[in-house]
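For reference, the chains in residue letters:
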Amino acid sequence: MVRVKNWLLIALPTLLTIAVADHAAAQTAPPGATPPAASVPTAVRRSGGLVPGQKRPPGDPVQIERGKTLYGISCTSCHGADLRGGDLGGPNLLRSQVALSDQDGELIAPIIQGARQNSGMPAVPMSPADGKAVAAYVRSVVATIGTQGKPPSIGKPAPSVLVGDVTAGQAYFASKCASCHSPTGDLAGIATRVSDPKALQNVWVGGGRNRRFGPTLGAPGSRHTVMVTITEASGESVEGRLVRIDDFLVTVALADGTSRTFRREGDIPKVDVHDPMKMHRDLLAAYTDKDMHDVTAYLVTLK
Amino acid sequence: MTLKELILSAALSPLVLFAQGNGVAPSEILKPLKDSWPTYNGDYSGKRYSALTQVDQTNVMHLTLAWMTRVTPGQTSGPGGRGGRAPAAVIVGGEGPGDINVGGGTIKASALEVDGVLYFTMPDNAWAVDARDGSELWHYFWKTKGGTHIGNRGLGMWNSFLFMETPDDYLVSLDSKTGKERWHKPIADLAQGYFSTPAPVVVGNHVLVGTGNDLDAPGMLQSFDPETGDLQWKFYTVPMNPGDPGLNTWASLDAARHGGGQAWVPGAYDPDTKLYIFSTGNPTPAFTNGTRGEGDNLFTCALIALNVDTGKMAWYYSTSPHDMHDYDSAQTPVLVDGMFNGKMRKMVLTAARNGYWFTLDRLTGEHLVTSKYGLLTNWSDKLTKAGGPYPDAEKNATIAGSLVSPTSDGTTNWEPPSYSPDTGLFYVAESDDYSIFYLTDLDPRGSMGLGGKDEVQVGSGGSFLTAIDYRTGEVKWRRPYYGQGGGGGMLTTAGKLLFAGDGAGNLVAHDVVTGKPLWNTRIGWVTNPAQTFMLDGRQYVIAATGDTLWAFVLY
């Protein structure tokens, strides 16, 4: 699959971080506080777009309804009520190239009438009009396939992600997290603020935000704020919030509300970045999946 | 003819010839990359290494803007280039209704540079601009019927004819001098979810065309006649019939026929063996194996070598057998002749999306090296007998979540790498990010396409400009990126330079030996690979940011 996901993920971090209290600070930050290094690429990746692959007029609801009834009678046992294949082993019609390409029963109806008996599809007695109705119903379901081939929702809630051991999670927290976090301090009530366990797991593993790319520079006053100390060759140094850094320039926001940009020539000036999220990122390589599930199980108890 | 006319025509005709040229003779593309840029990767090797030396480590700091031009996709002409000329009238083609608004586009294409003209694309759009000043010469717009408009990698050229693929699955041929359409031919069925992004690659009298799909459809590579657009052969990347090779690596023929393996990215070509070597994408369903079994799922996530005249497979190598994370192996393969264990060998190199490196013999597909170049790659715990990384079942998507690096965007993606024979190093943009992969579809029948999972990206362990030694697969050095990783792809030159976007808003020239930056220009996020060519005795370097193309030169 090509990198379609970049755009889809733009929306995700926003959804997930809303639940985190200190994200409010980032949302109310003045426009100038947005780090250019982070905003420029996002804007570029957003362009282009998905155009529906199947531009077809909606079918006739009466015909679709009749087709649905006939499908239920003659097709469900082999192809499944959801078209994804039934107990008697018929193929998944949602990804059937015949069903996808059919326009008005011209491909599906002959198969219903027996064109594929050699490969095990029995002939089903049906008038040409009814064959077209079944085809219309199949197309109407196919039209609900999501982007990137996501099957239509079957309406079942996602299974719970809670499989961890609370006691083990508490012990892990005490050894690895408690130097910065406290269940009675910053994380008190975290499971109330983020009530869905899966969202909670995503938020804590991501360190309170789900930006793809680190370091996340953070907004003024945020716990995630990346600070920088810049020491010039003269020995003079300034400290403040890191606005932007690359191999050539570094920009720091100063306490008085102004900002300064320094040109970098190798090691001059000296740049010391203090990223409070570094430990979170380093831990990504250290967690086992069991650690992650255990800590989630523990955090869920912090109502 | 009067004397005056005779003098005029004598004076003008060489000029006209020089200005228009005859396009790209197929034999031109056999030459190593130097003065022009006649095919997607510059030449067939995929090295993206230019022999040009005018710009080098001693003078690159004087490289300066020659021109920039902004293009406007769509049916109405935009403000035009900045060369002082009015924008070209839009030539409209296509079978769509014309009322589908696709919105803005991004230049991800590699431009062709031929006879002083640059040809490049966005989805549904092709342009010719004057390489000396960026002025628009013509603009072709295709009215789409639909399809995913994520990117277009550029054009192929055969003599004076151009070829472009469209998101709604047509191969369109244009006259390079006028931009007028010669013909268009359907290459896949949009209704089955196919959409097309690759740049066609012209080899001899073959136009090689890949397509894409996310919906459980078989991948394919097709060859068309450049004159007529007639199909010459079609190669499916998965078994389609009883008895086809690779069928025993699938649970059933039906699973294989819905198995994916798309040809997303243009391949490389070895003229000595007539082998076209390209890579394939993920198997489908991507994240559940209910229907596809535990096998290698051939020939998805593989390198495939085809005889270009017959479309018959000479060899394959599975770089991600039985992929479970949507790690398409759709990267540009790079053909290198060099020493390996004391012997000269003809090799093909690839840094795959799954975080693993491969060196193979390109005559036979013989496996020479596997290494893990993704610093944090954690999804595989074993190699197959053939040397391919096989998934650790514990790291597949699970209900409670698996913490996996890389994300499904991969350690690298479509952006082309580069190889410099001066250093023997292969350069690639590496991203070491983490996702939690949740299984959401527990249906024992398996899911479809890329469905059945929820992937949440939770952080990055860094991104790098990474230099790899093909002889061992060892990472020689990594240079950290500050932004979102490298942008657009890589270019190396005989001036001992490496050009690439830095993901933080710069186009950068690096010392190809050490990676040290020697020059930068803050033009924004670079969206295509940097390229170079020679014109009027000057070496140009070009790169795109979004809808803008920039050209740099030494004065």
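All of these numbers come straight from a predicted model, not from anything done at the bench.

1. Considering the sheet that holds strand β3 (residues 237–245) of chain A
All names here are of chain A. Taken together, the five strands give an open sheet; going across it, the order is β5-β4-β3-β2-β6, and neighbouring strands pair in antiparallel fashion. The two strands at the open ends of the sheet, each matched to only one other strand, are β5 (259–263) and β6 (270–274). The average undirected angle you get between the axes of adjacent strands in this sheet is 40°. The pairing of strand β2 (residues 227–231) with β3 spans five bridges and is classified as antiparallel. Looking at the pairing, V228 lines up with G240 of β3.

2. Observations concerning the domain arrangement of chain A
Frequently, the measure chosen for interface size is the accessible area removed from exposure when the parts meet. Entries for chain A in the domain assignment read domain 1 (1–30 + 161–226 + 275–303), domain 2 (61–149) and domain 3 (227–274). Computed from C-alpha coordinates alone, the two centres of domain 2 of chain A and domain 3 of chain A are separated by 65 Å.

3. Some points on helix α9 (residues 166–176) of chain A
Residues and elements named next belong to chain A. Of all the positions in α9, only G169, Y172 and F173 are classed as buried. For α9, the angular spread of buried residues about the axis comes to 100°, placing them on one side. Relative to its buried face, α9 has exposed residues pointing more than 90 degrees away, namely T167, A174 and S175. Those residues of α9 that are buried lie in contact with α13 (289–299).

4. A look at the packing of helix α7 (residues 108–115) of chain A against helix α8 (residues 128–142) of chain A
All names here are of chain A. Running from N to C, α7 and α8 cross one another at 125°; their axes reach a closest spacing of 8 Å. On the basis of the axis angle, α7 is oblique to α8. You can see that α7 and α8 cross each other, and the crossing is right-handed. Across the interface between the two elements, I108, A109, I112 and Q113 from α7 touch P128, G131, K132, V134, A135 and V138 from α8. Each residue belonging to the contact of α7 with α8 can be placed in one class, and the counts come to seven nonpolar, two polar and one charged.

5. Re the sheet that holds strand β17 (residues 220–224) of chain B
Residues and elements named next belong to chain B. Read from one edge of the open sheet, four strands run β14-β15-β17-β18, paired in antiparallel fashion. Edge positions in the open sheet fall to β14 (201–203) and β18 (231–236), since each of these has one partner strand only. The average angle at which neighbouring strand axes cross in this sheet is 20°, direction not considered. Sheet analysis places β17 next to β18, joined by five bridges and oriented antiparallel. Bridging across to β18, M220 finds its partner in Y236.

Here is what the cut-offs are and how they apply
- Residues numbered from 1 in each chain as written.
- Chains lettered and ligands numbered in written order.
- Predicted model: local features only at pLDDT ≥ 70, side-chain atom pairs only at ≥ 80, totals over all residues.
- Pairing = 2+ DSSP bridges.
- Helix = DSSP H or I, 4+ residues; strand = E, 2+ residues; numbered from the N terminus.
- Axes fitted to C-alpha atoms, helices over the stretch in contact; angles between N-to-C directions.
- Domains from an automatic or database assignment.
- Buried ≥ 20, exposed ≤ 12 C-beta atoms within 10 Å, placed from the backbone.
- Arc of directions from axis to C-beta.
- Contact = placed C-beta atoms within 7 Å.
- Parallel < 35°, antiparallel > 145°, perpendicular 65-115°, else oblique.
- Left-handed = near helix turned anticlockwise from the far one by under 90°.
- Nonpolar A, V, L, I, M, F, W, Y, C, P; charged D, E, K, R; others polar.

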